[in-house]
Amino acid sequence: MKRQNKYRKFQLQQKNIEALERENSRFKRVYSEYENMSDELWNLENSTGEPVPDDFINAMVLQTSYLEDEIEDWLLQFNEKKTDIKH
């Protein structure tokens with residue numbers, strides 16, 4: 001059984017992400033970078049090839065977490081905007 005990528009934490013908000021990608025090119029670039037980095041990080045941590053230095057992996061984890069924070073902020077603002085429109 002294949003292990004799930006722990007770096008893909010936004011899967012449940014895919015509709016909001018798709019809407020944000022359509023209306024905001026900067027968000028689309030940030031989210032694309034997050035997807036690429038999380039995939040690469042997942043591959044590095046689960047590869048059986050040449051070991052990668054911990055410092056490099058830690059730097060990627062840190063950058064990925066910065067991107068996650070930025071994405072979370074966008075999603076919060078998007079959800080608040082949707083809530084304001086409904087009221």
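Calculation criteria
Residues numbered from 1 in each chain as written. Predicted model: local features only at pLDDT ≥ 70, side-chain atom pairs only at ≥ 80, totals over all residues. Heavy atoms only, no water. Salt bridge = Lys/Arg side-chain N within 4 Å of Asp/Glu carboxyl O. Helix = DSSP H or I, 4+ residues; strand = E, 2+ residues; numbered from the N terminus. Buried < 20%, exposed > 50% of the residue type's maximum accessible area, 1.4 Å probe, protein only.

Trainee: Describe in detail the pattern of salt bridges, supporting the description with residues and values.
Mentor: Counted by the stated rule, this structure contains two salt bridges. Close ionic contact of Lys-81 with Glu-23 constitutes a salt bridge, the shortest N to O distance being 3.3 Å. Taken together, the positions of Lys-81 in helix α3 (residues 54-86) and Glu-23 in helix α1 (residues 14-23) put the pair 58 residues apart, joining distant regions of the chain. Taking relative accessible area as the criterion, Glu-23 reaches 47% and is therefore assigned partly exposed. Here Glu-70 ties to Arg-26 by a salt bridge, and the two come within 3.0 Å at their closest N and O atoms. Of this pair, Glu-70 sits in helix α3 while Arg-26 sits in helix α2 (residues 25-46), and the two are 44 residues apart along the sequence.

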